[in-house]
Amino acid sequence: MILKEDVNNLTDEQIRELDNKYCSWGDTAHYSELPKIFSSCNGSYMYDSKDTPYLDLQMWYASCNLGYKNKRVSEAVIDQINTMPGIAPKFIYNYKALLSQKIAKGMIKRFGEKGRVHFNVGGAQAIEDAIKVLRNYTHKNRQFAFMGGYHGRTIGASCITSSYRYRESYGHFSDRAHFVPFPYCFRCHYGKKCENCNFYCVKQFAKNFESEYNSFYDRKTGDCEFGAFICEPLLGTGGYVVPPKGYFKELKKVLDEFNIVFAVDEIQMGLYRTGKLWAIEHFGVTPDLITFGKSLTNGLNPLAGLWAKEKLIAPDIFPPGRAHSTYSSNPLGTRAGYEVMSIMEEEDFETSVNEKGQLFLEGLKTLKSKYSVIGDVDGLGLALRMEITQTDGFTPNRELCDKLQEEGLKGDLTYKGKKCGLVLNNGGYYKNVITFVPSLYITKDEINMAIELLDQLFMRLER
Ligand SMILES: Cc1ncc(COP(=O)(O)O)c(C=O)c1O
């Protein structure tokens, strides 16, 4: 038995023993044979029990865009703990209203659209609420979503998340989305080349509406079986895939023609990850609904939510009680969110993220020219990708991708003569893509460090 006073002195072996005995392995920690144990974090680094620093290039899956233990956000939350840490959702209070105002006013500035904000706890719960808002407005339960898209693991979110693996243990999903190929040009679904395909994939999508016999649309009544298209502007878990610039404008023409609501999931790519507050801003289209989460509280009390145009969410359309959760709009979360959004208004992330992203991408390109097992590198802002392949530069190489991550976690790399490690994450259809998600405050020296440490890993592992 562990005594209370022993908690801070638990060895890694004791933690592992407890985990093996008492923790469910149904989450993702035991994807790895020997999950890594960390003891603390700060800025861009995680630390193990020996205080070895690990440069983190995944930042809690994009939940800490402003770095671990961000002082301003922490202080705001501490102040909220001392003021009003909790309040039942049947009451209203200052920071819920203020954060909603900030988000909604930002939408007017960016998209010229009035709307309202609805909060919930985690990303998947925000997606559940988005599905409710969309079904409630369109009176349709079928939706389009992208192949390679990821929207969370609740049952509802799994309906619009393409990977069958996430659904296969849980029976029949009657409202499963119709999944449309994402414009993943490096591995085009249709075998086309981006330079001259003329948005072939959008044309294929549009074909579905040509005749009622294609199963989606009745030209006589003008009725479509699908109410909305829910999508990520860049694939997140799907491998940080950046669509071609004009793609969403082309897609939106089709959606508008058939009255399909356009909902964008910014849970991973929002909050300046790509150099714009909302990643969809890069593509010149206006969404009807946006979901957000993760970095909204920079890793503190979780809060996620959605913004929707007034026509979808005005009180007469989405009246009291249509959605509820005890911890939705919790004050520690809204206070953290308000501080994060304030920092994002005050600082020029648009410039800094783009500059740092370009520097990072140049480093990745140098590595690509050196190692034949790097098939593709790309990125938008500080959302960057590196596709690990066989030496043909195309065949996915998941094994090497896994090894790169394991080797980085050994903590025996060196930078400027000091011992350190590297925390990486992977994604993609074949789990062969290293997805780089550094802190937006990563310094130029840390970018050099990242490239040098990656170089060390490839030197060790490339055969
Ligand atoms: C785009 C996107 N949507 C939704 C989710 C689900 O969020 P959560 O894990 O907080 O439930 C994620 C999580 O990775 C995500 O990347």
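This one's a predicted model, so the numbers in the text were calculated from it and none came from an experiment. (Residues numbered from 1 in each chain as written. Predicted model: local features only at pLDDT ≥ 70, side-chain atom pairs only at ≥ 80, totals over all residues.)

(A) Seen up close, the overall build of the chain. Per the secondary structure count, the chain includes 13 helices and 18 strands. Expected size for 463 residues packed as a compact globule is a radius of gyration near 23 Å; at 23 Å, the chain falls within 12% of this value. The principal-axis extents of the C-alpha atoms in the chain amount to approximately 70 × 60 × 45 Å. Partitioning the contacts of the chain with sequence separation of at least 6, the portion at a separation of at least 24 is 72%. (Helix = DSSP H or I, 4+ residues; strand = E, 2+ residues; numbered from the N terminus. Rg over C-alpha atoms; globule rule 2.2 N^0.38 Å. Contact = placed C-beta atoms within 7 Å.)

(B) Quick look at the pairing of strand β13 (residues 374-380). Within β13, six of the seven residues are buried, which leaves it mostly tucked inside the rest of the structure. Pairing between β13 and strand β14 (residues 383-388): six bridges, direction antiparallel. For Leu-380, the partnering residue across the bridge sits in β14 and is Ala-383. Hairpin geometry of β13 and β14 is characterised by an intervening segment of two residues between the two adjacent antiparallel strands and by a positive phi of about 60 degrees at Gly-381. (Buried ≥ 20, exposed ≤ 12 C-beta atoms within 10 Å, placed from the backbone. Pairing = 2+ DSSP bridges.)

(C) Inspection of the domain arrangement of the chain at higher detail. Domain annotation for the chain reports domain 1 (36-69 + 348-461) and domain 2 (73-346). One C-alpha centre belongs to domain 1, the other to domain 2; they are set 27 Å apart. Each partner contributes residues to the interface: domain 1 has 29 residues there, and domain 2 has 26 residues. Elements that contribute at least two residues to the side of domain 1 that touches domain 2 include exactly α2 (59-62), α11 (349-370), β13, β14 and β18 (433-436). If one sorts the elements of the side of domain 1 that touches domain 2 by residue count, α11 sits on top with five residues. (Domains from an automatic or database assignment.)

(D) The arrangement of the site of the ligand in detail. Around the ligand sit 15 residues in total, of which Gly-123, Ala-124, Gly-152, Ile-267 and Gln-268 are the nearest. Residues of the shell around the ligand, tallied by class, amount to five nonpolar, eight polar and two charged. (Near = placed C-beta within 6 Å. Nonpolar A, V, L, I, M, F, W, Y, C, P; charged D, E, K, R; others polar.)

(E) Region of the structure containing helix α4 (residues 94-111). An ideal rise of 1.5 Å per residue puts 26 Å on 18 residues; α4 measures up with 26 Å between its terminal C-alpha atoms. Looking only at α4, the buried set comprises Tyr-95, Lys-96, Leu-99, Ser-100, Ile-103 and Met-107. For α4, the angular spread of the buried residues around the axis is 135 degrees, confining them to a single face. Exposed residues on α4 whose side chains face more than 90 degrees from its buried face are Lys-105, Ile-108 and Lys-109. (Expected span 1.5 Å × (residues − 1). Arc of directions from axis to C-beta.)

(F) Spotlight on the sheet that holds strand β5 (residues 142-146). Strand order in this open sheet of seven strands is β4-β12-β11-β10-β9-β5-β6, and the pairing throughout is mixed. Both outer strands of the open sheet, β4 (115-120) and β6 (178-180), are each paired with one neighbouring strand and no more. Between one strand and the next, the sheet's axes are offset by a mean angle of 20 degrees, whatever the strand orientation. Here six bridges tie β4 to strand β12 (residues 304-309), and the two strands are oriented antiparallel to one another. Note on β12: the bridge partner recorded for Phe-119 is Gly-305. Of the strands in this sheet, β4 and β12 touch α4, which is tilted by about 135 degrees from β4. (Axes fitted to C-alpha atoms, helices over the stretch in contact; angles between N-to-C directions.)

(G) Structural detail: the sheet that holds strand β17 (residues 426-427). Reading across the sheet, the four strands line up as β13-β14-β18-β17 and stay open at both edges, with antiparallel pairing between neighbours. Taken across any chain shown, the strands that pair with only one partner, and hence form the sheet edges, are β13 and β17. Two strands pair when backbone bridges link them, and β17 and β18 are joined in this way by two bridges, in the antiparallel orientation. The residue bridging Asn-426 from the neighbouring strand is Ile-434, located in β18. Set on the sheet, α11 makes contact with β13, β14 and β18; between it and β13 the angle comes to about 175 degrees.

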